[in-house]
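One-letter residues, chain by chain:
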Amino acid sequence: MSSVTDRLPAFPWDKLAPYKKTAAEHPGGIVDLSVGTPVDPVPELVQKALVAAADSPGYPTVWGTPELRDAITGWLGRRLGARDLTHHHVLPVVGSKELVAWLPTQLGLGPGDTVAYPRLAYPTYEVGARLARADHVSYDDPTELDPADLRLLWLNSPSNPTGQVLPKEELTRIVAWARAHGILVLSDECYLELGWEADPVSVLHPDVNGGSYDGIVAVHSLSKRSNLAGYRAAFIAGDPAVLGPLLEIRKHGGLMTSAPTQAAVVAALGDDDHVHAQRARYAARRTALRDALLSHGFRVEHSEASLYLWATRDEPCWDTVAHLAGLGILAAPGDFYGPAGARHVRIAFTATDERVAAAVSRL
């Protein structure tokens with residue numbers, strides 16, 4: 001019997017190791033713009049909430065505290081315009097990557113079922129399908145797919161890696177098509193608060209879903225908006241008919257967010273000031289890097305939202321990675337996100353101001 005690992009693709013980041021070594025040999029040190037991990041401090045009010053809840057000797061619940069569910073539903077209404085949400089419409093998860101990777105399995109998908117995701121996409125959508133032994137297909141327009149065996153349709157707006165934002169009309173059209181064919185829509189909206197040249201809209205907005213959450217679930221994370229990647233704090237929201245069974249499955253599996261983390265999330269979702277401050281940091285880094293890349297002969301495509309610049313020199317992506325590594329800058333090759341990215345690189349602007357300035361001067 002084949003092992004689970006036989007179903008998985010090679011871990012792509014291992015291929016970057018020699019380029020990372022080259023970049024690290026630069027006299028000024030490496031500027032790592034590849035992974036996109038937050039580097040700025042965790043907001044003080046979040047740290048204080050975590051510390052205040054540190055004496056938590058009992059088991060937390062998978063569904064989270066009532067305070068956490070209140071905080072999630074409150075934020076969804078205030079920030080996304082979602083209406084008539086109850087606690088049954090939300091479910092905390094242990095970081096969004098865990099959710100993406102294991103959702104097809106937890107939904108009971110398997111051989112003969114198909115999972116669809118964008119042509120350029122976060123690799124974990126495919127990994128989730130493979131772990132469940134389900135089929136997988138990528139798309140440019142999901143409504144052109146054969147709906148016969150399609151069970152799960154991933155949307156990602158704003159996109160990782162491209163930063164592209166789907167307009168409200170497009171989301172509305174896709175949701176209507178999926179509902180007509182009985183396909184569950186999972187909308188990965190983890191970068192929704194990081195729109196620069198567009199104002200991203202959630203599938204939870206009534207203009208998109210017609211006031212009904214049937215057949216739709218949105219995924220949200222605090223990793224980017226609140227610098228909480230190290231806390232593993234995320235949640236899903238939408239159709240109670242989907243979330244109810246998931247809650248039961250996750251109870252059996254012990255997939256619970258730690259109690260101090262739950263308290264920290266309550267604090268983070270209740271405060272918008274730290275989000276505005278972090279957005280301002282990213283906006284300045286984005287502008288500096290974008291201008292430097294354009295001056296260096298790059299073309300930046302999409303990138304109207306998220307924490308990345310999707311850039312090309314109209315050459316194979318690994319040639320671009322090598323060129324940048326020679327300048328001490330590490331970028332992610334576009335083919336990590338699908339063959340359609342073979343001539344692009346993804347450049348994160350999540351490094352410190354000092355490292356971004358170093359990259360700008362080298363470019």
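Worth saying up front: this structure is predicted, and the values here are computed from it rather than measured.

J.: Can you walk me through the packing of aromatic side chains in this structure?
T.: Centre-to-centre distance and the angle between the planes together describe a pair of aromatic rings. Scanning the model with the defined rule gives eleven aromatic pairs in all. For the pair Phe336 and Tyr337, a centre-to-centre distance of 6.4 Å together with 55 degrees between the ring planes defines the contact as tilted. Tyr337 sits in the buried class, given a relative accessible area of 5%. Following the ring pairs from residue to residue traces out a cluster consisting of Trp13, Tyr19, Trp318, Phe336 and Tyr337. The ring of Phe298 carries the charged tip of Arg313 above its face, separated from the ring centre by 5.9 Å. One cation-aromatic arrangement involves Arg346 over Tyr308; the distance from NZ or CZ to the ring centre is 3.7 Å.

J.: Teacher, can you tell me more about the side chain of Gln262 here?
T.: Among the secondary structure elements, Gln262 is positioned in helix α9 (residues 259–269). Gln262 sits in the buried class, given a relative accessible area of 3%. A distance of 2.9 Å separates a polar side-chain atom of Gln262 from the backbone oxygen of Thr257.

J.: Could you clarify how one ought to interpret the layout of surface pockets in this entry?
T.: Its boundaries defined by the atoms lining it, the largest pocket holds a volume of some 1100 Å³. Residue lining of the largest pocket: 42 residues in total, with Trp13, Lys97, Tyr122, Pro123 and Thr124 positioned closest to the centre. Those elements that provide at least two residues to the lining of the largest pocket are α4 (96–106), β3 (114–118) and α5 (124–131). Counted by class, the lining of the largest pocket contains 23 nonpolar, eleven polar and eight charged residues. Forming the walls of the second largest pocket are 20 residues, and the residues nearest its centre are Pro118, Arg119, Leu120, Asp140 and Gln164. Sorting the residues of the lining of the second largest pocket by element identifies β5 (150–156) and α6 (168–180) as the ones contributing at least two each. A class-by-class count of the residues in the lining of the second largest pocket yields ten nonpolar, seven polar and three charged.

J.: Would you mind going over the nonpolar core with me for this structure?
T.: Soluble, globular proteins show a tendency: their nonpolar side chains are buried together. Ranked by internal contacts, the top residues of the largest apolar core, which has 65 residues, are Trp154 and Ile236. In this structure, Leu80, Ala82, Val208 and Ala218 belong to the second largest nonpolar core, which totals 43 residues.

J.: Help me understand the pattern of salt bridges, please; the structure alone is not making it clear to me.
T.: When their charged atoms lie close together, side chains carrying opposite charge are able to pair. In this structure the tally under the stated criterion is 20 salt bridges. A salt bridge links Lys21 to Glu25; the nearest nitrogen and oxygen atoms lie 3.1 Å apart. Each member of the salt-bridge network shares a partner with another, and the members are Asp40, Arg285 and Asp353.

J.: Help me understand unusual backbone geometry, please; the structure alone is not making it clear to me.
T.: Pro158 follows Ser157 through a cis peptide bond whose omega is 0 degrees. Pro161 follows Asn160 through a cis peptide bond whose omega is 25 degrees. The phi torsion at Ser306 lies on the positive side, around 80 degrees, for a residue other than glycine. Position of Ser306 relative to the elements: it lies in the loop between β9 (299–301) and β10 (308–312).

Cut-offs applied
Residues numbered from 1 in each chain as written. Predicted model: local features only at pLDDT ≥ 70, side-chain atom pairs only at ≥ 80, totals over all residues. Heavy atoms only, no water. Phe/Tyr/Trp six-rings, centres within 6.5 Å; stacked < 30°, edge-to-face > 60°. Buried < 20%, exposed > 50% of the residue type's maximum accessible area, 1.4 Å probe, protein only. Lys NZ or Arg CZ within 6 Å of the ring centre and 35° of its normal. Helix = DSSP H or I, 4+ residues; strand = E, 2+ residues; numbered from the N terminus. Polar contact = N/O pair within 3.5 Å; in protein donor to acceptor, adjacent residues only side chain to side chain. 1 Å grid on protein atoms, 1.4 Å probe; cavity = no way out; pocket = protein on both sides within 12 Å on 5 of 7 lines; lining within 4 Å. Points joined across faces, edges and corners; volume = space filled by probe spheres on them. Nonpolar A, V, L, I, M, F, W, Y, C, P; charged D, E, K, R; others polar. Core = buried A, V, L, I, M, F, W, Y, C linked by side-chain atoms within 4.5 Å. Salt bridge = Lys/Arg side-chain N within 4 Å of Asp/Glu carboxyl O.

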